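# Secondary and tertiary structure notes
Letter by letter, the chains look like this.
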Amino acid sequence: MSASSPGSPDSPGRSSRRPARTPMWPAVAMGLCWIVGVLWIVVFYLNPTLPVLAELGNYNLLVGFAFIILGVFFALVQAVVAIVVARRRG
């Protein structure tokens, strides 16, 4: 007769699910938004006569900073998701 120990995955009191992990998409979106925002501003300063950039004028700075702020929003989403996942674990 083999009895399962309390810590084994076969014991009835424990679930066999893997521990929850923090999703990667907010971190990826955060990094992409920051990169796009900085590149937008740099390209505007290097060549402001490009077709789309010339039409927007100084609003290009607003577009670049909007991407950077959107990246900060995704950083906050990542932090909240990490806190929720950590509370569910323990």
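See the structure shown above.
## Focus on the packing of helix α1 (residues 25-46) against helix α3 (residues 59-89)
- Following both chains from N to C, one finds α1 and α3 inclined at 165°, their axes separated by 8 Å at the closest point. Overall, the two elements α1 and α3 adopt an arrangement that is roughly antiparallel. The handedness of the crossing between α1 and α3 is left-handed.
- For the contact of α1 with α3, the residue count by class is 23 nonpolar, 5 polar and no charged.

## Here we look at the packing of aromatic side chains
- Scanning the model with the defined rule gives 4 aromatic pairs in all.
- Seen in terms of ring centroids, Trp 40 and Phe 67 are 6.3 Å apart; in terms of plane orientation they differ by 35°. Their pairing is tilted. Taken together, the residues span a long stretch of sequence, with Trp 40 in helix α1 and Phe 67 in helix α3 at a distance of 27 residues.
- Among the residues examined, Phe 67 registers a relative accessible area of 27% and is labelled partly exposed.
- An aromatic cluster is present here, built from Trp 25, Phe 73 and Phe 74 joined pairwise through their rings.

Parameters at a glance
Residues numbered from 1 in each chain as written. Predicted model: local features only at pLDDT ≥ 70, side-chain atom pairs only at ≥ 80, totals over all residues. Heavy atoms only, no water. Axes fitted to C-alpha atoms, helices over the stretch in contact; angles between N-to-C directions. Helix = DSSP H or I, 4+ residues; strand = E, 2+ residues; numbered from the N terminus. Parallel < 35°, antiparallel > 145°, perpendicular 65-115°, else oblique. Left-handed = near helix turned anticlockwise from the far one by under 90°. Nonpolar A, V, L, I, M, F, W, Y, C, P; charged D, E, K, R; others polar. Phe/Tyr/Trp six-rings, centres within 6.5 Å; stacked < 30°, edge-to-face > 60°. Buried < 20%, exposed > 50% of the residue type's maximum accessible area, 1.4 Å probe, protein only.

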